[in-house]
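Structural features, examined
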Number of protein chains: 2
Amino acid sequence: MQLHNFNSGPSILPPEVLTQAAAAIHNFNNTGLSILEIGHRTSWFVEVVQEAQQTVKRLMGLGDEYEVLFLQGGATMQFMQVPMNLLDENGIAAICDNGVWGNKAVKEASVFGKVQVVSDSSDKKYTYINKHIQLPENASYLHITTNNTVEGTQWHSYPQVNVPLIGDMSSDIFCRPTPFHEFDLIYAGAQKNMGAAGVTLVVVKKSILGKISRKIPSILNYQKHIEAGSLLNTPPVFSIYVSLLTLRWIEKEGGLAEMEKRNTEKANLLYNTIESLPAFYCPIAKEDRSIMNAVFFLTDPTKEQAFLDLCKKEGMIGVKGYRTVGGIRVSMYNALPLSSVQAFCILMKNFAATI
Amino acid sequence: MQLHNFNSGPSILPPEVLTQAAAAIHNFNNTGLSILEIGHRTSWFVEVVQEAQQTVKRLMGLGDEYEVLFLQGGATMQFMQVPMNLLDENGIAAICDNGVWGNKAVKEASVFGKVQVVSDSSDKKYTYINKHIQLPENASYLHITTNNTVEGTQWHSYPQVNVPLIGDMSSDIFCRPTPFHEFDLIYAGAQKNMGAAGVTLVVVKKSILGKISRKIPSILNYQKHIEAGSLLNTPPVFSIYVSLLTLRWIEKEGGLAEMEKRNTEKANLLYNTIESLPAFYCPIAKEDRSIMNAVFFLTDPTKEQAFLDLCKKEGMIGVKGYRTVGGIRVSMYNALPLSSVQAFCILMKNFAATI
């Protein structure tokens, strides 16, 4: 049976990335050694890191004022690492709470200092993005979650503010051309659009660092990682390599413009299909709908399980909504082919015709 | 050319682990999906984590008073995570400084409170393990590095103390039967005896947690990871799977007793060869020599480069000493076959005959 992988993350990767990753486990770059067995300070691996850093910068169109790091711990580590490095005693972490992950960012930042939720869409169950931001005078930075994986919303343009802008781009990085230069720090767990789980991309403008007095452990200090060329200690070698393969794939396929073309086509097809079928509805504000994760529901909730059963039977993987939201969630990351969305839409139509 | 992989870490893995890991990138457990593309909360992956946890406990002979976690960030993260979770304002982190890594543990702990170096072998350039420990009265715990990868020393029995004993076992975990129950917290970066880089094993006795008042970010809080069954956030899926494959391999081969038999045979052969050849010498105190990493020198240091060149020519990988120590370092982790040490010893003899 042909499987269609709509997992929300870890999620589908391009077939050629998988083929290359498996080959490198047997023999990395004709070294005769596995990628799992080489030293991280060999020129072989230093070249992997440097090519990955350069590719990220090229895709982002960023210059030498930014540094690219490959760290560990996922976005959850960044929820605390950002305030640990940037929030001092007199400042306020200004955070937009438009979903589960923004909410967690609020909680973790509060360990390090004052936090203010500067926009909040919980009044409508996070079905839209609240863009009305009231920044406090002494905000140290503004943090947004650019795509809300769980709720299916996405910022389509970013707040213009006069404090450093921090973006958790875990679930929509590299999905389209993006004004990355509007951000001062961007982070993303790799396991959606950028590779396998186990590595976190951090892109940081150097000028925002070094402004607080808190003592920071080396492993959590962005500046120390920069000084070490992202090789402060043993990095997640294989995950970084899979990210490099995925970054190469994005460029080879045509870069972010091509990703946007594909992602928009997939998302339009799915959202239009939902709108066309009374059996389904999408409660998300139209202007805030995510092109990565579509969250929607059965109009008759008693039919939901039957629909999920059918999805399973037809090889549609990972379409059950997040546990706190319910319903259906279809994730359409870069590597998901249009044909999978087409197959899913046919299934929706067939199901709608039977009820 | 046959390669012999003496890398200090990331290092050699069993060939069948590599074969199984590569196969899982194509098709994990007949799911039709890659191990890189499956959700970490699927029953497929939860079973991987649970089997890995159970195998660790079985190999360690530990009961339910201990918990097994698979975290990220390597030993360097543990250097700060241990004091963050265990060192309060009135306590002292007692740390043995018998090498580069113990020294780093001292530095990172000092971010969180008082630290006392309770034994130190720097007087003889770390060529032995100073076992004369003077614990301060209010020590919160004692931290040792069970094997000094860089310097080639290893604790062959452990200090008996009445405070929690913490062991950084990154480079000798599972090398032989070990009284793991003497420890209250054990950690190890996986990339030597336990798999690929990107995951860190932490085994912790639950009763030592929850005794300090510091606010701890979720991602660094051992208790939160325990409550989440080591799935607090997206874990390093592939690295955990490779650890499971390696743990299975250890058990299948005969467990820790068999590992000790093999490792002792390899280490004896190498150290005896060094002793037998006047061209080489090992400055490490005999009773403290590591069975994992042998550090030694050319008696005539002007011959060192010629020896390293010969090693390279003959496919002996990773035998150059650490940059601060120099000389030769031969790492003989579990997966290294005796035949590699035999080949290396023949090369030493041949080299010695030419000078």
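Residues numbered from 1 in each chain as written. Chains lettered and ligands numbered in written order. Predicted model: local features only at pLDDT ≥ 70, side-chain atom pairs only at ≥ 80, totals over all residues.

1. So, the domain arrangement of chain A
All names here are of chain A. Short version of the rule: What fixes the domain bounds is an automatic or database domain assignment. For every residue pair, C-beta atoms are placed from the backbone, and the pair is scored as a contact if these atoms sit within 7 Å. Secondary structure follows DSSP: runs of H or I at least 4 residues long count as helices, runs of E at least 2 residues long count as strands, and numbering of each begins at the N terminus.
When the domains of chain A are assigned, the result is domain 1 (15–253) and domain 2 (255–354). Centre-to-centre separation of domain 1 and domain 2, based on C-alpha positions: 27 Å. With 23 residues of domain 1 in contact, the opposing surface of domain 2 contributes 24 residues. Those elements that place two or more of their residues in the side of domain 1 that touches domain 2 are strand E7 (153–154) and helix H6 (237–253). For the side of domain 1 that touches domain 2, the element with the most residues is H6, which contributes three residues.

2. What about the interface of chain B and chain A?
Contact residues are listed per partner, giving 47 residues for chain B and 47 residues for chain A. Mapped onto the side of chain B that touches chain A, the elements with two or more residues apiece are helix H1 (15–26), helix H3 (74–86) and helix H6 (237–253) of chain B.

3. Here's the deal with the sheet that holds strand E3 (residues 92–97) of chain B
Residues and elements named next belong to chain B. Put simply, the test is: Criterion used throughout: strands pair if DSSP finds at least two bridges between them. Every axis in this analysis is a line fitted to C-alpha atoms, fitted for helices over the stretch in contact. Angles between the N-to-C directions lie between 0 and 180 degrees.
Across the sheet, seven strands lie side by side as E2-E10-E9-E8-E5-E3-E4; this open sheet has mixed pairing. Among the strands making up the open sheet, the edge pair consists of strand E2 (66–71) and strand E4 (114–120). Across the sheet, the mean angle separating the axes of adjacent strands is 20° when strand polarity is ignored. Where E3 lies against E4, six bridges are found, and the strand directions are parallel. The residue of E4 that forms the bridge with Ile92 is Lys114.

4. Quick look at the packing of helix H3 (residues 74–86) of chain A against helix H4 (residues 100–109) of chain A
Residue and element names in this part refer to chain A. Note the threshold: Oblique is the label for any angle not under 35 degrees, not over 145, and not in the 65 to 115 range, which are roughly parallel, roughly antiparallel and roughly perpendicular in turn. Should the near helix be turned counterclockwise from the far one by less than a right angle, the crossing is left-handed, whereas a clockwise turn marks it as right-handed. Ten residue types, Ala, Val, Leu, Ile, Met, Phe, Trp, Tyr, Cys and Pro, are classed as nonpolar, four, Asp, Glu, Lys and Arg, as charged, and the remainder, Gly among them, as polar.
Viewed as axis vectors pointing N to C, H3 and H4 meet at an angle of 45°, and their least axial separation amounts to 8 Å. With respect to each other, H3 and H4 are oriented oblique. Read as a crossing pair, H3 and H4 show a hand that is right-handed. Seen from H3, the contacting residues are Ala75, Thr76, Phe79, Met80 and Pro83; seen from H4, they are Trp101, Lys104, Ala105, Glu108 and Ala109. Considering only residue class, the contact of H3 with H4 consists of seven nonpolar, one polar and two charged.

5. Quick notes on the sheet that holds strand E14 (residues 328–331) of chain A
Residue and element names in this part refer to chain A. Here three strands make up an open sheet; going across it, the order is E11-E12-E14 and the pairing antiparallel. Pairing within the sheet leaves two strands with one partner each, and these edge strands are strand E11 (280–281) and E14. Here strand E12 (residues 293–298) runs beside E14; their pairing, made up of four bridges, is antiparallel. Each bridged residue has a counterpart across the sheet, and for Phe296 the counterpart in E14 is Ile328.

6. What to know about the confidence of the model for chain A
Formally: Confidence scores labelled pLDDT are given residue by residue by the predictor and lie between 0 and 100.
On average, residues of chain A carry a pLDDT of 97, and 100% of them reach 70 or more. As a predicted assembly, this complex carries a pTM of 0.98 together with an ipTM value of 0.98.

7. Some remarks on the relation of the copies chain B and chain A
One copy of the chain maps onto the other through a rotation about an axis followed by a shift along the same axis. Put simply, the rule is: Least squares is the method for superposing the copies, and the C-alpha atoms it fits come from residues with pLDDT of at least 70 in both.
It takes a turn of 180° to lay chain B on chain A, together with a shift of 0.0 Å along the axis; the resulting RMSD is 0.0 Å. The operation mapping one copy onto its partner corresponds to a two-fold rotation axis. The C-alpha atom lying nearest the rotation axis in chain B is that of B:Ala22; the distance is 2.4 Å.

8. Overview of helix H2 (residues 43–60) of chain A
Residue and element names in this part refer to chain A. What counts here: A helix is expected to reach a length of 1.5 Å times the quantity of its residues less one. Any residue whose C-beta has 12 or fewer other C-beta atoms within 10 Å is treated as exposed, any with 20 or more as buried, and any in between as partly exposed, C-beta atoms being built from the backbone. The arc in question is traced by the directions running from the helix axis to the C-beta atoms.
The terminal C-alpha atoms of H2, which comprises 18 residues, lie 25 Å apart, in line with the 26 Å expected from a rise of 1.5 Å per residue. What H2 keeps buried is the set Phe45, Val48, Val49, Ala52, Gln53, Val56, Leu59 and Met60. Taken down its axis, H2 places every buried residue within 135° of arc, on the same side. Facing away from the buried side of H2, by more than 90 degrees, are the exposed residues Ser43, Glu47, Gln54 and Arg58. Two residues or fewer after H2 comes Gly61, characterised by a positive phi angle close to 65°.

9. Some thoughts on the pairing of strand E12 (residues 293–298) of chain B
Residue and element names in this part refer to chain B. Across the six residues of E12, five count as buried, placing the element largely inside the fold. Sheet topology places strand E11 (residues 280–281) next to E12; two bridges connect them, and they run antiparallel. Bridge assignment links Phe280 to a residue of E12, and that residue is Leu298.

10. A short note on the packing of H2(A) against H6(A)
Residue and element names in this part refer to chain A. Interaxial distance between H2 and H6 falls to 9 Å at its minimum, and their mutual angle equals 40°. Classed by the angle they form, the pair H2 and H6 counts as oblique. Here H2 runs over H6; the crossing is left-handed. Between H2, through Phe45, Val48, Val49, Glu51, Ala52, Thr55, Val56 and Leu59, and H6, the contact on the second element is made entirely by Val237, Ile240, Tyr241, Ser243, Leu244, Leu247, Arg248, Ile250 and Glu251. Within the contact of H2 with H6, the residues separate by chemical class into 12 nonpolar, two polar and three charged.

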